[in-house]
Amino acid sequence: MDSPPHINLPPSLEASRIAALPPAAYYIADFITEEEEEAILHKTWPSDLVKDTLLDARPLPDWLEEPVTRRILSIPVSDGEPHVFAGSPHGRPNHVLINEYPPNTGIMPHKDGSAYHAVVCTVSLGSSLCLNLYKNKEDGALEPEPVWRILQEPRSLLITTADLYSEYLHGIESIATDVNVSKETIANWDLLRSPSLYLDGINQRQTRTSLTYRDVLKVSKLGNKLGPMFKRP
Ligand SMILES: O=C(O)CCC(=O)C(=O)O
Ligand SMILES: [Fe+2]
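Model, not experiment: these values are computed from the prediction.

Colleague: Help me out: how do you make sense of the overall build of the chain in this one?
Modeller: Looking only at helices and strands, the chain features 4 helices and 12 strands. Taken across its 233 residues, the chain has 36% of its residues classed as buried. Within the chain, contacts between residues at least 6 apart in sequence are counted, and of these 80% link residues at least 24 apart.

As structure tokens, then:
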């Protein structure tokens, strides 16, 4: 499970595409090192007053830009193409949401809405858990079972875009153990760092912290209009 001391990023996101999902989602298991994970977790301790709050600092502090933003911007979507934020209004993420999920903590199925450009980059720290993707029935009600599940390992980067952003909902179950974890049920199984950890079908959760990088379209209205939405459930 040790992460490499140096990170070898894929030559393009295409190499990390989650083929089972509609275009397009990408998963890079080793996006940061254990040392970088530790350093970021240290920064998000409550003393730094950023946990579970909207970080509304511009520009983003160095420890959120380096290494994560720099690496995101360094990977072309495919050969000869620019990075995944090239088409976004600010050309880069300008906003990071930090969420903490102790065991038995989740987030209700939801869509992220029109405040953001439709590219979401999530770095996971500390523990693995499953992100569920849901769709609405014809009548608008939520299908109770997820259509797909993505297992997010610590130090991984997950990128979701396009229809996955606008047409599907995402959520995390409030459970302590993810069950039925297998090649058949996990969309990104072939891209996992350590699939052998889940051969019994079980992921025992520990506290997972996520950093969600997005481009907020209208930065100036952020404080007034969006602030209260970002409290954790
Ligand atoms: O923590 C995550 O991976 C998801 C968070 C999320 O969906 C959100 O904050 O909108
Ligand atoms: Fe979300």
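Back to the text.
Colleague: Where do I start with the site of ligand 1 in this structure?
Modeller: Taken together, Leu97, Asn99, Ile107, Asp112, Thr122, Leu131, His170, Ser210 and Thr212 make up all the residues around ligand 1. Put simply, the parts of the chain that give the shell around ligand 1 at least two residues each are β3 (95–101) and β12 (208–214). Per-class residue counts for the shell around ligand 1 are 3 nonpolar, 5 polar and 1 charged.

Colleague: For this particular structure, what's the right way to read the sheet that holds strand β4 (residues 107–110)?
Modeller: Strand pairing within a sheet occurs via backbone hydrogen bonds; the two strands may be parallel or antiparallel. Sheet architecture is open: 4 strands sit in the order β4-β9-β6-β7, paired in antiparallel fashion. Both edges of this open sheet fall to β4 and β7 (148–152), since each of them pairs with a single strand only. Each neighbouring strand pair of the sheet contributes to a mean axis angle of 20°, computed without reference to strand direction. Bridge count between β4 and strand β9 (residues 169–172): 2 bridges; the pairing is antiparallel. Counted as the bridge partner of histidine 110 is histidine 170 from β9.

Colleague: Honestly, the environment of arginine 214 in this entry has me stumped. Any pointers?
Modeller: You can see arginine 214 is positioned in strand β12. Separated by 95 residues in the primary sequence, arginine 214 and valine 119 have C-alpha atoms spaced 6.5 Å apart. The residues touching arginine 214, leaving out its near neighbours within four places in the chain, are Pro93, His95, Tyr116, His117 and Val120.

Colleague: What is the right way to look at the nonpolar core in this model?
Modeller: As a rule of thumb, soluble globular proteins bury nonpolar side chains together. Formed by 47 residues in total, the largest nonpolar core has its most connected members in Tyr27, Ile150 and Ile159. Going through the elements one at a time, β1 (25–28), α2 (62–74), β3, β5 (119–125), β6 (129–134), β7, β8 (157–161) and β12 are the ones with two or more residues in this core. In terms of residue count, β5 provides more of this core than any other element does, 5 residues in total. Look past the residues within four positions of isoleucine 150 in its chain and what remains in contact with it is Tyr27, Cys130, Leu131, Leu158, Ala187 and Asn188.

Colleague: Could you clarify how one ought to interpret the environment of glycine 201 in this entry?
Modeller: Mapped onto the secondary structure, glycine 201 falls in the loop between β10 (177–178) and β11 (203–204). With 12 C-beta atoms packed within 10 Å, glycine 201 lands in the exposed category. For the pair glycine 201 and lysine 137, spaced 64 residues apart in sequence, the C-alpha separation works out to 29 Å. Setting aside its immediate chain neighbours within four residues, glycine 201 contacts Val179, Asn180, Val181 and Ser182.

Colleague: Looking at this model, I keep getting lost on the UniProt feature "domain: Fe2OG dioxygenase" (unreviewed entry) in the chain. Mind explaining?
Modeller: Taking the numbering used here, the UniProt-annotated feature "domain: Fe2OG dioxygenase" (unreviewed entry) corresponds to residues 92–217. Between the C-alpha atoms that bound residues 92–217 the distance is 11 Å, and the span itself is 4% helix and 39% strand.

Colleague: Any chance you could explain the pairing of β12 here in plain terms?
Modeller: Consecutive side chains along a regular strand alternate between the two faces of the sheet. Burial analysis of β12 places 6 of its 7 residues in the buried class, which makes it a mostly covered element. Here β3 runs beside β12; their pairing, made up of 7 bridges, is antiparallel. Opposite asparagine 99, over in β12, you have serine 210 as the bridge partner. Note: β5 against β12, 5 bridges, orientation antiparallel. When the sheet's bridge partners are listed, threonine 122 is paired in β12 with threonine 212.

Colleague: Just to check I follow, could you spell out unusual backbone geometry for this structure?
Modeller: A negative phi holds for most residues other than glycine; trans holds for most peptide bonds. Of note, the amide linkage connecting proline 23 to alanine 24 takes the cis form, showing an omega dihedral of -5°. Even without being a glycine, asparagine 104 presents a positive backbone phi close to 70°. Judged by the 11 C-beta atoms lying within 10 Å of it, asparagine 104 falls in the exposed class. You will see that arginine 155, though not glycine, has its phi angle at about 80°, which is positive. Mapped onto the secondary structure, arginine 155 falls in the loop between β7 and β8. Assessed through the 24 C-beta atoms surrounding it within 10 Å, arginine 155 is described here as buried.

About the cut-offs
Residues numbered from 1 in each chain as written. Chains lettered and ligands numbered in written order. Predicted model: local features only at pLDDT ≥ 70, side-chain atom pairs only at ≥ 80, totals over all residues. Helix = DSSP H or I, 4+ residues; strand = E, 2+ residues; numbered from the N terminus. Buried ≥ 20, exposed ≤ 12 C-beta atoms within 10 Å, placed from the backbone. Contact = placed C-beta atoms within 7 Å. Near = placed C-beta within 6 Å. Nonpolar A, V, L, I, M, F, W, Y, C, P; charged D, E, K, R; others polar. Pairing = 2+ DSSP bridges. Axes fitted to C-alpha atoms, helices over the stretch in contact; angles between N-to-C directions. Core = buried A, V, L, I, M, F, W, Y, C linked by C-beta atoms within 7 Å. UniProt positions renumbered as here; feature names shortened; annotations may be inferred.

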